[in-house]
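# A closer look at the structure
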Amino acid sequence: YKLKVGSSFRYYGCARPRGPVTALTKPFKDKAVKLVAAKAAYVAFTRRITTQDTVSVVDARTGRQKHGLFPPSIEFDTDPATPQIGSVRLNDSGEVAVSYTGLGGGNSTGSTTYIYAFDASGNEQLLDSGPARALPPSSLRLTGKVVSWIHDGVKRNVKLGEVSLTVTAASGVVTSGDVTTAPEGGLACHVAEAGLSGTCIGFYSPNARVTVTATGAANTTVSISGACAAVHAPVAGQATSVATCEVTMARARTVSVRFT
């Protein structure tokens, strides 16, 4: 409940069915604090502190803050009227998924969406990013431990606590090939001169050892760089040219692949 107290406002709430009524925010002026999500006993508010839009998750059973989240290292529009936060989702444990809206990349005049998750301890995970037209901020969902969103018309899912591995095309790609991983993690990416297609981001258990395999035609030199490195030159008599390397998923990682 948003109540006016003198010249200020304040949110109050309770955890049903018999929870005590508690103050969920400090007094604030006008629309400085916004209620953006509620799930089970948890409520999420946004508030701009200096130039940053913060997220506060409060336990309605006690009125205590569970998370106080400043935005990650994203380049935002300097216009204070432009929202930094696209959507906020909660689960029954007070864990959070947030879509942030940053500046577009390169010469783009559009915005870029960044999908982040924060587990019970407040640990931050970057799950995905892309142009807002391809990754709508409002498509974000959090069901139990599973975060989902839409990217290029395809629904992506990841379990909280998993770590992302992203495939990019290195400069100088002149022919095409495929990138897969073991364990699979949902990643099956096609790299070509025209760009990437398929699923080029996968998710794995923290500290898992993931083998990256890049497969090109028999006359292709295959190179992998970034989180791990390997090069395979054509060998007479082999039907394909295959490079492999291993990544330890201690954090979000990226590999760049070139087929020449």
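What you are looking at is a predicted structure, and each value in this text was computed from that prediction instead of being measured.

## A word on the environment of V174
For V174, the location among the structural elements is in the loop between β15 (163-169) and β16 (177-182). Relative accessible area serves as the criterion here: at 53%, V174 is assigned to the exposed category. Once the C-alpha coordinates of V174 and V191 are considered, the two residues, 17 residues apart in sequence, prove to be 9.9 Å apart.

## Some remarks on the nonpolar core
One finds L165, V167, V179, V212, I224 and V255 to be the most contacted residues of the largest nonpolar core, which totals 26 residues. Contributions of two or more residues to this core are made by β15, β17 (188-192), β20 (209-217), β21 (222-226), β23 (240-248) and β24 (253-259). Beyond its immediate sequence surroundings of up to four residues, L165 is in contact with T181, L187, C200, I201, G202, Y204, V210, V212, M249, R253, T254 and V255. Counting residues in each nonpolar core, the second largest holds 16 residues, with A37, V57, L69 and Y100 among its members.

## What about the state of the cysteines?
For the structure shown, the criterion picks out 2 disulfides. Bridging C189 to C200, the disulfide has an S-S length of 2.1 Å. Taking the sign of the S-S torsion, about 75° here, the bridge from C189 to C200 comes out right-handed. Highlighted residues: C189 in strand β17 and C200 in the loop between β18 (195-199) and β19 (201-204), separated in sequence by 11 residues. Here C189 matches C200 in class, with each residue buried. Put simply, C228 and C245 are joined by a disulfide, and their sulfur atoms are 2.0 Å apart. With the S-S bond torsion at 40°, the cross-link from C228 to C245 turns out right-handed.

## As for the sheet that holds strand β3 (residues 22-23)
Taken in spatial order, the 3 strands of this open sheet run β1-β2-β3, and their pairing is antiparallel. A strand with exactly one partner marks an edge of an open sheet, and here the two such strands are β1 (2-5) and β3. In terms of strand pairing, strand β2 (residues 8-13) meets β3 through 2 bridges, oriented antiparallel. Bridge assignment links G13 to a residue of β3, and that residue is T22.

## Comments concerning unusual backbone geometry
Note that the residue after R16, namely P17, is joined by a cis bond; omega there is 5°. Relative to the helices and strands, P17 is located in the loop between β2 and β3. Of note, the bond from A182 into P183 is cis; its omega dihedral lies within 30 degrees of zero at -5°. Tracing the sequence through the fold places P183 in the loop between β16 and β17.

## Concerning a nonpolar patch on the surface
Taken together, Y1, L3 and V5 make up a surface patch of nonpolar side chains, about 350 Å² in accessible area. Tracing the backbone through its elements, the reader meets L3 in strand β1. By relative accessible area, L3 is classed as partly exposed at 42%.

The rules behind each value
Residues numbered from 1 in each chain as written. Predicted model: local features only at pLDDT ≥ 70, side-chain atom pairs only at ≥ 80, totals over all residues. Heavy atoms only, no water. Helix = DSSP H or I, 4+ residues; strand = E, 2+ residues; numbered from the N terminus. Buried < 20%, exposed > 50% of the residue type's maximum accessible area, 1.4 Å probe, protein only. Core = buried A, V, L, I, M, F, W, Y, C linked by side-chain atoms within 4.5 Å. Contact = heavy atoms within 4.5 Å. Disulfide = S-S within 2.5 Å. Pairing = 2+ DSSP bridges. Patch = residues over 30% accessible without salt bridge, like charges linked within 9 Å, V, L, I, M, F, W, Y side chains within 5 Å. Areas by Shrake-Rupley, 256 points an atom, 1.4 Å probe, with all protein chains shown as cover. Salt bridge = Lys/Arg side-chain N within 4 Å of Asp/Glu carboxyl O.

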